[in-house]
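Chain residues, written in single-letter form:
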Amino acid sequence: MEYVARSITFIAIYGISYGMVIFLISIGLVITMGLMRVVNLAHGAFAALGGYFCTYLVTTHSVPFFAAVIFATAAVAIISLGMEKAIYTRIYKATELDQVLLTIGLMFVAVAGLNFLFGPNVQPSRLSPTLEANIDLLGRSVQVYRLFIVAIGAVVVAGLWFLFENTSFGARLRAAVDNRPMAQAIGIDVASLYSKAFVLGSGLAAFGGAVGYGMLPIEPLYPFKYLTIIMIVVALSGFGNMKGAAIVSVLVGIVDTAGRYFFPTYGAFVVYGFLIVYLLLRIEGGFKRKSA
Amino acid sequence: MNPQSSFYNPAASNGVGLMEIVFWALPGVAFFVFPDNLSFGAQVLIMALYAMSLGLILGFAGIVTLGHAAFFGIGAYSTGWIALAGWHEPITATFAGGAAAAALALVVGPIVLRLSGLPLMMMTLAIGAVLFEAANKFGWLTGGENGLSGIEFAPVLNLFPWSVFGQTSYLYCLAWLFVMFAIFRSLVSSPFGLALQGVRENALRMRLVGAPVSAHLIKVYAISAFMAGVAGSLSAQVTGFVGLDVLAIELSINGIIMLVLGGVGSIYGGPLGAAVYMVLKDFAANWDPYNWMAAIGLFLILVVLFGRNGLIGLGQRILPKAFLISLPGTQRMVSRRQAT
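Every value quoted in this text rests on a predicted model; they were computed, and no experiment measured them.

### Remarks on the overall build of chain B
Step number 1: Along chain B, the regular secondary structure elements total 16 helices and two strands.
Step number 2: Long-range pairs, those at least 24 residues apart, make up 80% of the contacts in chain B between residues at least 6 apart in sequence.
Step number 3: Of the roughly 14,700 Å² of accessible surface on chain B, 69% is carried by carbon and sulfur atoms.

### Overview of helix α3 (residues 65-91) of chain A
Step number 1: Helix length check: α3 of chain A (27 residues) gives 36 Å between terminal C-alpha atoms against 39 Å at 1.5 Å per residue, within 8%.
Step number 2: If you look at α3 of chain A, its biggest bend is around 50 degrees, right at Glu84 of chain A.

### Quick word on a nonpolar patch on the surface
Step number 1: Together, Tyr3, Val4, Ile8, Phe262, Phe263 and Tyr266 of chain A together with Trp81, Phe138, Trp140 and Leu141 of chain B give the surface a local cluster of nonpolar side chains, amounting to about 1,100 Å² of exposed area.
Step number 2: Elements that contribute at least two residues to the nonpolar patch include exactly α1 (2-36) of chain A together with α7 (139-142) of chain B.
Step number 3: It is α1 of chain A that provides the largest number of residues to the nonpolar patch, a total of three residues.

### Quick word on the packing of helix α7 (residues 168-178) of chain A against helix α9 (residues 190-211) of chain A
All names here are of chain A.
Step number 1: Between α7 and α9, the least distance of the axes is 11 Å, while the angle of their chain directions is 110 degrees. Taken as axis vectors, α7 and α9 run roughly perpendicular relative to one another. Side by side, α7 and α9 meet where Phe169, Arg172, Leu173 and Ala176 of the first sit next to Leu193, Lys196 and Ala197 of the second.
Step number 2: Partitioning the contact of α7 with α9 into residue classes produces five nonpolar, no polar and two charged.

### A closer look at the side chain of Thr65 of chain B
Residues and elements named next belong to chain B.
Step number 1: For Thr65, the location among the structural elements is in the loop between α3 (38-60) and α4 (69-84).
Step number 2: Side-chain polar atoms of Thr65 contact the backbone nitrogen of Gly67, separated by 3.0 Å.
Step number 3: What Thr65 contacts, discounting residues up to four positions off in sequence, is Leu54, Ile57, Thr124 and Ile256.

### Overview of the interface of chain B and chain A
The accessible area lost on association of the parts is a frequent measure of interface size.
Step number 1: If you look at the interface, chain B gives 39 residues, while chain A gives 41 residues.
Step number 2: Roughly 3,800 Å² of surface becomes buried between chain B and chain A when both sides are summed, with 84% attributable to carbon and sulfur atoms.
Step number 3: Viewed at the interface, chain A and chain B are joined by zero salt bridges.
Step number 4: Those elements giving two or more residues to the side of chain B that touches chain A turn out to be α6 (117-137), α12 (249-262) and α14 (289-305) of chain B.
Step number 5: Among the elements that take part in the side of chain B that touches chain A, α6 of chain B stands out by supplying 14 residues, more than any other.
Step number 6: Per-class residue counts for the side of chain B that touches chain A are 30 nonpolar, three polar and six charged.

### Regarding the pattern of salt bridges
Residues and elements named next belong to chain A.
Step number 1: Following the criterion strictly, the structure yields four salt bridges over all chains and no others.
Step number 2: Residues Glu219 and Lys225 are paired through a salt bridge, measuring 2.7 Å at the closest nitrogen-oxygen approach.
Step number 3: For Glu219, a relative accessible area of 14% translates into the label buried.
Step number 4: A residue is classified by how much of its surface remains accessible, and Lys225, at 47% relative accessible area, is partly exposed.

### Examining the environment of Val157 of chain A
All names here are of chain A.
Step number 1: Tracing the backbone shows Val157 in helix α6 (residues 144-166).
Step number 2: Between the C-alpha atom of Val157 and that of Ala245, which follows or precedes it by 88 residues, the distance is 9.8 Å.
Step number 3: With sequence-adjacent residues up to four places away left out, Val157 is seen in contact with Phe23, Met242 and Ala246.

### Examining the environment of Asp256 of chain A
Residue and element names in this part refer to chain A.
Step number 1: Mapped onto the secondary structure, Asp256 falls in helix α12 (residues 242-262).
Step number 2: A relative accessible area of 3% places Asp256 in the buried class.
Step number 3: When the C-alpha atoms of Asp256 and Gly19 are compared, they prove to be 9.1 Å apart, with 237 residues separating the residues in sequence.
Step number 4: Sequence-distant contacts of Asp256, that is, excluding residues within four places in its chain, are made with Tyr18 and Val271.

### Here we look at unusual backbone geometry
Residues and elements named next belong to chain A.
Step number 1: For Ser62, which is not glycine, the phi torsion reads 50 degrees and is therefore positive.
Step number 2: Within the secondary structure, Ser62 is located in the loop between α2 (43-60) and α3.
Step number 3: Given the relative accessible area of 60%, Ser62 is considered exposed.

### Considerations on the packing of α3 of chain B against helix α13 (residues 269-283) of chain B
All names here are of chain B.
Step number 1: Between α3 and α13, the least distance of the axes is 7 Å, while the angle of their chain directions is 140 degrees. Of the possible angle classes, the one that applies to α3 and α13 is oblique. In this structure, the crossing between α3 and α13 has a hand that is right-handed. Together, Phe40, Gln43, Val44, Met47, Ala48, Ala51 and Met52 of α3 and Gly270, Pro271, Ala274, Ala275, Met278, Val279 and Asp282 of α13 make up the contact between the two elements.
Step number 2: Residues that form the contact of α3 with α13 fall into these classes: eleven nonpolar, two polar and one charged.

### A look at the packing of aromatic side chains
Step number 1: This structure, assessed with the given rule, holds 21 aromatic pairs over all chains.
Step number 2: Relative to Phe262 of chain A, the ring of Tyr261 of chain A lies with its centre 5.2 Å away and its plane at 90 degrees, an arrangement referred to as edge-to-face.
Step number 3: Grouped by ring-pair contacts, the aromatic residues Trp24, Phe60, Phe178, Phe181, Phe184 and Tyr268 of chain B constitute a single cluster.

### Remarks on the confidence of the model for chain B
Residue and element names in this part refer to chain B.
Step number 1: Per-residue pLDDT for chain B has a mean of 81; in total, 89% of the residues score no lower than 70.
Step number 2: Here residues 1-8 is modelled with pLDDT under 50, and outside its nearest four sequence neighbours on either side it reaches 24 contacts, counting other chains as well.
Step number 3: Considering only residues more than four positions removed or in separate chains, one finds that residues 329-340, a stretch of pLDDT under 50, has eight contacts.
Step number 4: In the predicted assembly, ipTM is 0.78 and pTM is 0.82.

Conventions and cut-offs
Residue positions are given per chain, counting from 1 as you read along its sequence in written order. Working convention: letters from A go to chains and numbers from 1 go to ligands, in the order in which they are written. The predicted origin of the model limits local features to residues at a pLDDT of at least 70 and limits the giving and counting of side-chain atom pairs to 80 or more, whereas totals for whole chains, interfaces and linings rest on all residues. Excluding hydrogens and water, the side-chain figures rest on all heavy atoms present in the structure. Here a helix means four or more residues in a row that DSSP labels H or I, a strand means two or more in a row labelled E, and each is numbered from the N terminus. Two residues form a contact once any of their heavy atoms are found within 4.5 Å. To be clear on the numbers: accessible area is Shrake-Rupley with a 1.4 Å probe, and residue cover counts the displayed protein chains and nothing else. The span you would expect from a helix comes to 1.5 Å times its residue count less one. Axes are fitted to the seven residues ending at a residue and to the seven starting at it; the angle between these axes is taken as the bend at that residue. Here the term patch refers to residues with relative accessible area over 30% and no salt bridge, with like charges joined within 9 Å and nonpolar side chains (Val, Leu, Ile, Met, Phe, Trp, Tyr) within 5 Å. The term salt bridge refers to a side-chain nitrogen of Lys or Arg lying within 4 Å of a carboxyl oxygen of Asp or Glu. Only C-alpha atoms enter the line fits that serve as axes; for helices the fit covers just the stretch in contact. Angles between N-to-C directions range over 0 to 180 degrees. Any angle that falls under 35 degrees is termed roughly parallel, while one over 145 is termed roughly antiparallel, one within 65 to 115 roughly perpendicular, and all others oblique. Note on residue categories: nonpolar means Ala, Val, Leu, Ile, Met, Phe, Trp, Tyr, Cys or Pro, charged means Asp, Glu, Lys or Arg, and polar means any other residue, Gly included. Any pair of N or O atoms that falls within 3.5 Å is considered a polar contact. Within protein, one atom must be able to donate a hydrogen and the other to accept it, and sequence-neighbouring residues count only if both atoms are side-chain atoms. Once two parts are put together, the accessible area they lose, assessed with a 1.4 Å probe and summed over both, is termed the buried area. Remark: exposure states derive from per-residue accessible area (1.4 Å probe, protein chains only) relative to the maximum for the residue type, with buried under 20%, exposed over 50%, and partly exposed in between. Take the far helix as the reference: if the near one is turned anticlockwise from it by less than a right angle, the crossing is left-handed, and if turned clockwise, right-handed. Pairing of aromatic side chains here covers Phe, Tyr and the six-membered ring of Trp, requires ring centres within 6.5 Å, and sorts the geometry by plane angle: under 30 degrees stacked, over 60 edge-to-face, intermediate tilted. Known as pLDDT, the predictor's confidence for each residue is given on a scale from 0 to 100.

See below:
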């Protein structure tokens, strides 16, 4: 009995915190794919860049963790604005293959650039002392950091929900996702909406990469390594569906953690099997209708 | 779509192009000019076949897949198992490798090909990842990270023993590439091939004119898988080894890169791109792998933003028109056809 309770606590805390980091990193891609239909395989690079800035500030300049996170997020948001104007606007109307090629290219360049700037090794992930401490929770020692991530994730979900449902920006964004020509016809400036959504998404990815670096270690191959899991969340949650993304991320986090916990040997199969079954179930549903 | 204006596609012109003869003369010349590099040459030919098989579904049927390595890997592993089980005749083993890959395609095709766009990419990526994990975990079957080694085959046709310098490997792979290419070439210029290009351009309209779109796609998926399986099988025979990398996502992505380098949608794009990619990669072997990544990344960005159709497109723009013509003997046939 106690074993069950402890396992459930472990899976819940580790699964949900993992899911929250995945959510933070993927939500930007979910939004921008909903708006622009761009298959951005380089999205993980923004998360990696956020993580790198953060760890750089924390280790070499002894900036406090929280300040470093905020600075890294802002820096990546600014960089992404330039990227959007210079490169992404050119492929909004390109074919899927071109989008895949260009974004794979961007990812490769990003990986090589990160290696050039910071070296090939895994970066140290120093947190603040309060976060590194352990506390006892239902008979299981849990790092405060994990709980902090769960809390941060919940705050971001609530904030995004408010932004989408209760502000004029959110209303315009939802209108553009649902029907772009109609949104344009009633005077919504979709191009500027695109830029804002892109910057918001990249900023969130950088934020996720920075706060999550205790879980997803920062290294040059980061964008490549977490590409699959990001794409799984995007494919499962449906275009521009914020709520779907939150649910799917947490679910993927829990399924993955539970899979690795109960079947350590075959854990990696669980999340892929989950994806395949889910796609099979939805094969006549959402995707077909939206992408037609 | 007009194949002449956008792609160099000799199959669309009912004749053998002058450049095609030049193209096929190159591997023959290479056999005599680089006698010390024939083992590497065989690798190039195998990759050429693999990239060509990807070009069939990606360039001509518009199926954007991120999991093509699955078929290469299945072909390689099944050939390895056949050899280790005691069957040493190479040609039947190659057919078996291709057939195993085609069987896999016939199983997954009807399901994944109902998807398109991102869900299709995700599904193929996930299936590829599952197979990779399976090969990694079922070590008793696949050797896990150590791979299958000690794969040996009898002389080809009982005449040509496998030599250390790779003459047999090279010519054997070249023969397979040529046969598969001939099938590929006649396939894309057949009514079936035109129907596929119709599906690529607009699947809905093809459905409206009554074309069995899903059946076409499944069929071409299986044919392409067969070719990729043959490539995998050849790689197992030539190297005598099958490792996990035959199923890795890197191989799927590299296939796309080779194809793009040569030119998507041109029948020579895959083989040409694979050859150039392999040779460049060989020269860059001493580089830091990250530098190679940067070079490839920049190349992909530039191709999408500025260049069209890779090297084939470039050749089409800079080569004099005289090089691109069909040969006279075959052109008469064309005119007779038009008269009837």
